[in-house]
Amino acid sequence: MEMQSAKWNLAAALALLGFTAVSVQITLMRELIVVFSGNEISLGLMLANWLLWTALGSGLLGRLATVVPNPRLLLAGLQGLVALLFPATIYAVRASRSYLQVAPGELLGPGPMVLTSFAALSLICLAMGCMFSAGIRCWAEEAGSSMAAATGSVYLLEALGSGLGGLVAGVVLLPHLHAFQIAMLVALANLLVAASLGTKHGVWRRAAMGVIVAAGGFVLFPLATPQLEQASLARLWQGFRLIDSRNSRYGNLVVVETEGSRSLYENGLVAATVPDAAAAEEAVHFALLEHPEPKRLLLVGGGINGSLRQALQHPSLEQVDYVELDPAVLDVAGRHFGREWASARADPRVRIHPLDGRLFVKASRETFDLVIINLPEPLTAQLNRFYTEEFYGEAARRLAPRGILSFQLPSSENYISPERASFFRCLNATLRRVFPQVVALPGETVHFLAARQAGVLTTAPDVLVARLRARHLQTSYVREYYLPFRMSLDRQLDLQQQIDPQASTPLNRDFAPRGYFLNVELASARFHRGQSEWLAALERIKFRTTLVVVLVGMLALSLLATAVYGHQPRANDGAAARVPFPGKRARSVVAGMCVAAMGFTLIALEILLLLGFQALFGYVYQQLAVVIAAFMAGMALGAWLATRSLAAGSALRVGDGSVIALRAVAILQFCAALSPILLYALLASFAGLQGETALWLVGRVVFPLVALVGGLLGGYQFPLASRVYFAGVSTRSPGLLYALDLAGACVGAVVLSAFLFPLYGFPRSAILIAVVNLAPALLAALPVGAKAGPQD
């Protein structure tokens, strides 16, 4: 009974490892995004740092698990260390801006962000990586299993905990608790399990757990966490008066005050400043004045800074639909942005929709005279969805026959840099694919206007001035004297010459977001010219060149592995003795290659699946958490099925079973090569999907099911690869195979998020991912045809 209880305690500790890892990762990634105002590329680089340190912890520090006399005590100590490091790391991340001497809200280049995340994540990731290795050693000793079986079992338990952690953290913890509250709850859970693992006697165990519960419940959680939250926020927003800070289901919201104005920051980026009459007027009046008699307006984002109130001045407007993704933004505006927002919200013509703007456009059956996209420039893939050919097509279907689509982007009065010109040309070309007439108005912000019919838009300032006077608009900046200067013919011609599409100008699409890549290149030029030039050099690399490099690289890797492979003559029987067959050491090398390639593929599939979901259905945060949880559940299910298969041994009766297991790994690797191509074909088939029922079924059923199958693929492979990897070798570091999995995922996170997807898009990225899997799949398949004997 006591042995059974000890095993259950160990199982709980290993499942908690997965829960903790995902909770820590989601919390710290959000903190880093807030501090560094990051996008998906920076998030991929930070995730790569996470995976790198965890791989080092599992592969290098994991060797401790092979030499310490009491691995259970090591595991308990590491859990206690993680409990202390979690809140300390949050504080270090928030304080990093003051160490870098950077003002809040000031954009930073990728260099400081990568270095800060590299340093901040080091200790906690090393500890969690080492915990995996210690868990394998504990399970092998206490369950009396082989190292291969123990690796598969620990992988299964960790995946179960990760799936639960992703769901709980994404849906429950982050929307309702601040970072230090989450850290304290996770820390207390780890300390309780550490006390259970580290104390043998029941009385001492219960006493230790009682002290932890009392200290956490009555001292740390109610007293320490608020103090840590306030002190760390004061460091992060130094120089501003902090008015409000909260987490919503979509991100972090902060309201600060300085010099008589208040600003709302969403995930570290300025979302609105009040008062800012110039920005509010420019956001809406140019588009509304272009229409002779606008009656129905759709305003997507940005209404809380006064632009909604400005739009309501146009007397012909009968209905204004305002779409704001985050309901918490509306609540913050009502609390802190004064009477102007309250009066606009109370106007009977206004209908407010707390919904993703693109999802609203896709699902709506109403038509509008104007659709104004009042959102920031596409610095993230999420924002890029509002600047793609697919979205422009969806918006055009919602426009009346003489309807107009409008958006504005930052620029400069007299000079447009080559990077900005390339970015504008991309969006201009994309607009022209959908709309017959496109006009761009120059200035500090360039206004793009696109009409559903040719001849609707005017570039004559006299026409707009006449409409301005006729509508009796009360404005301070968009005035009679300003419009002729802004729309002077020479300025318009100069802008048009610079942003007219060229033959080589790419289009911006959902699954090929070149506008996003070009805008990242533009943003990089603000910090360091060399970074922008490096991105420009990447842009010039043709896809066929990259494909050839990957093919040659994988071939070279295969030849190197073949040299290690070392074909061995067999002397079991006559004919079979002449069949070359790799030995155990060589098979373990191939198994390691397959695990690394699968790690690369799984992180790529997860990223592509989430980006595809976001592009098709909008940023529905709860459902994204379900997709991630389904992916992790699939990994757990696959590991469980493979573990059962290995335990039954029905297919592995010959020798040590590693030969047949390697053949199964080869089949799974070929499936991994096909998976990104099949995923793209599936997502492309959903692009024109219509109808609420069909959308609901695809979003709520098909996507989680696809995530489950993708996770199952990797989960099933890992225990089989462990069987091959540890066959006949008992001295290997128990966490080295897991480290290879994480190392492959690390490379995948960097390459896919920073290079492949933004530059080549989904279909070509899928081809390159398939090529990466073919070399290890072929190597694993080489033994087919050999007859396994007892010496193998």
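Owing to the predicted nature of the structure, the values given are computational and were not obtained by experimental measurement. (Residues numbered from 1 in each chain as written. Predicted model: local features only at pLDDT ≥ 70, side-chain atom pairs only at ≥ 80, totals over all residues. Heavy atoms only, no water.)

Once that is clear, we can look at the overall build of the protein chain. Along the protein chain, the regular secondary structure elements total 28 helices and 15 strands. Looking at the 792 residues of the protein chain, the share that counts as buried comes to 58%. Look at the contacts in the protein chain between residues 6 or more apart in sequence, and 77% of them connect residues 24 or more apart. When the accessible area of the protein chain is evaluated, it comes to approximately 31,300 Å², of which 63% is carbon and sulfur surface. (Helix = DSSP H or I, 4+ residues; strand = E, 2+ residues; numbered from the N terminus. Buried < 20%, exposed > 50% of the residue type's maximum accessible area, 1.4 Å probe, protein only. Contact = heavy atoms within 4.5 Å. Areas by Shrake-Rupley, 256 points an atom, 1.4 Å probe, with all protein chains shown as cover.)

This next bit is on the sheet that holds strand S8 (residues 368–373). Across the sheet, which stays open at both edges, the 7 strands sit in the order S7-S6-S5-S8-S9-S11-S10 with mixed pairing between neighbours. Among the strands making up the open sheet, the edge pair consists of strand S7 (350–353) and strand S10 (437–441). The average undirected angle you get between the axes of adjacent strands in this sheet is 15°. Set on the sheet, helix H10 (residues 277–290) makes contact with strand S5 (296–300), S8, strand S9 (399–410), S10 and strand S11 (445–451); between it and S11 the angle comes to about 35°. (Pairing = 2+ DSSP bridges. Axes fitted to C-alpha atoms, helices over the stretch in contact; angles between N-to-C directions.)

With that settled, the discussion passes to the sheet that holds strand S1 (residues 241–247). In sheet architecture, strand pairing relies on hydrogen bonds along the backbone and comes in two forms, parallel and antiparallel. Pairing in this open sheet of 4 strands is antiparallel, and the strands run S1-S2-S3-S4 from one edge to the other. Looking along the sheet, the strands with just one partner apiece sit at the ends: S1 and strand S4 (269–274). Adjacent strand axes in the sheet meet at a mean angle of 20°, parallel and antiparallel pairs treated alike.

Formed by 160 residues in total, the largest nonpolar core has its most connected members in Trp50, Leu75, Ile124, Met128 and Phe703. Here this core gets 23 residues from one element, more than from any other, and that element is helix H28 (residues 736–781). Ignoring any residue separated from it by four or fewer positions in sequence, one finds Trp50 in contact with Ala21, Val24, Gln25, Leu28, Met29, Leu121, Cys125 and Met128. Of all hydrophobic cores here, the second largest spans 46 residues; its members include Leu253, Ala328, Leu330 and Phe337. (Core = buried A, V, L, I, M, F, W, Y, C linked by side-chain atoms within 4.5 Å.)

If you check which residues of helix H12 (residues 327–336) are buried, you get Ala328, Val329, Leu330, Val332, Ala333 and His336. Considering only its buried residues, H12 is in contact with S1, strand S2 (252–258), strand S3 (261–266), strand S6 (319–323), helix H13 (338–346) and S7. Among the residues of H12, the N-terminal cap falls to Asp326, whose side-chain oxygen and the backbone nitrogen of Ala328 are separated by 3.0 Å. Looking at the residues trailing H12, positive phi occurs at Gly338, about 75°. (Polar contact = N/O pair within 3.5 Å; in protein donor to acceptor, adjacent residues only side chain to side chain.)

Right, let's talk about the environment of Arg351 for a bit. With respect to the helices and strands, Arg351 occurs in strand S7. Residue classification places Arg351 among the partly exposed residues on the basis of a relative accessible area of 32%. When the C-alpha atoms of Arg351 and Leu298 are compared, they prove to be 9.7 Å apart, with 53 residues separating the residues in sequence. Here Arg351 is in contact with Arg296, Gln319, Val320, Asp321, Tyr322 and Glu366, once residues within four sequence places are set aside.

This part takes up the packing of aromatic side chains. Each pair of aromatic rings is reported with the distance of its centres and the angle of its planes. Summed over the entire model, instances satisfying the criterion amount to 20 aromatic pairs. Seen in terms of ring centroids, Phe386 and Phe391 are 5.4 Å apart; in terms of plane orientation they differ by 75°. Their pairing is edge-to-face. Phe391 matches Phe386 in its accessibility class, with the two residues each being buried. With a centroid separation of 5.5 Å and 80° between ring planes, the pair formed by Phe511 and Phe762 is classed as edge-to-face. Remark: Phe762 occurs in helix H28 and Phe511 occurs in the loop between strand S12 (508–509) and strand S13 (512–513); sequence separation between them is 251 residues. Each member of the pair, Phe511 together with Phe762, is buried. Chaining the aromatic ring pairs together yields one cluster made of Phe386, Tyr387, Phe391, Tyr392, Phe407, Phe423, Phe424 and Phe448. Between the NZ or CZ atom of Arg296 and the centre of the ring of Phe368, over which it lies, the distance is 5.8 Å. (Phe/Tyr/Trp six-rings, centres within 6.5 Å; stacked < 30°, edge-to-face > 60°. Lys NZ or Arg CZ within 6 Å of the ring centre and 35° of its normal.)

Another aspect to go through is the pattern of salt bridges. In this structure the tally under the stated criterion is 24 salt bridges. We note a salt bridge from Asp356 to Arg385, for which the minimum N-O separation is 2.7 Å. Here Asp356, found in the loop between S7 and helix H14 (357–363), pairs with Arg385, found in the loop between helix H15 (381–384) and helix H16 (389–397); they are 29 residues apart in sequence, far enough to count as distant. Accessibility classification places Asp356 together with Arg385 in one group, the buried group. Note that Glu539 is salt-bridged to Arg514, the shortest N-O span being 3.2 Å. On the criterion of sequence distance, the pair formed by Glu539 in helix H22 (residues 529–539) and Arg514 in helix H21 (residues 514–527) is long-range, its members being 25 residues apart. Look at Glu539 and you get partly exposed, because its relative accessible area is 24%. By sharing partners, the salt bridges in this structure join Asp244, Arg246, Asp331 and Arg335 into a single network. (Salt bridge = Lys/Arg side-chain N within 4 Å of Asp/Glu carboxyl O.)

With that out of the way, let us pick up the packing of helix H2 (residues 40–59) against helix H5 (residues 110–120). Where H2 contacts H5, the two axes come as close as 9 Å, and the packing angle between them is 30°. In terms of orientation, H2 lies roughly parallel with respect to H5. Relative to H5, H2 is oriented so that their crossing is right-handed. Contacts from Ser42, Leu45, Met46, Asn49, Leu52 and Trp53 in H2 reach Met113, Val114, Ser117 and Phe118 in H5. Looking at side-chain class alone, the contact of H2 with H5 contains 7 nonpolar, 3 polar and no charged residues. (Parallel < 35°, antiparallel > 145°, perpendicular 65-115°, else oblique. Left-handed = near helix turned anticlockwise from the far one by under 90°. Nonpolar A, V, L, I, M, F, W, Y, C, P; charged D, E, K, R; others polar.)

Once that is clear, we can look at the confidence of the model for the protein chain. Per-residue pLDDT for the protein chain has a mean of 86; in total, 89% of the residues score no lower than 70. Residue range residues 650–655 is modelled with pLDDT below 50. Its contacts to residues more than four positions away, or to other chains, number 11 contacts. This stretch, residues 784–792, has a pLDDT under 50; its non-local contacts, to residues over four places away or in other chains, come to 27 contacts. (pLDDT = per-residue confidence, 0-100.)

Moving on: the pairing of S9. The element S9 is extensively covered by neighbouring structure, given that 9 of its 12 residues are classed as buried. Where S8 meets S9, 5 bridges bridge the pair, whose relative direction is parallel. Across the sheet, the residue bridging to Phe368 is Leu399, located in S9. Pairing geometry for S9 and S11, over 7 bridges, is antiparallel. From the neighbouring strand, Leu405 faces S11, where its bridge partner is Ala450.

Note on placement: Val702 falls in helix H27 (residues 692–725). Accessibility expressed as a relative area gives 26% for Val702, which makes it partly exposed. Each C-alpha atom of the pair Val702 and Val627 lies 9.9 Å from the other, and the pair is 75 residues apart in sequence.

Another point: H10. In this model, H10 (14 residues) spans 20 Å end to end at C-alpha, consistent with the 20 Å of a helix rising 1.5 Å per residue. At Val284, H10 is bent by approximately 30°, the largest bend along its length. The buried fraction of H10 amounts to 11 of the 14 residues, a majority that puts the element mostly inside the structure. Listed in full, the buried residues belonging to H10 are Ala280, Glu281, Glu282, Ala283, Val284, His285, Phe286, Ala287, Leu288, Leu289 and Glu290. (Expected span 1.5 Å × (residues − 1). Bend = angle between axes of the 7 residues up to and from the residue.)

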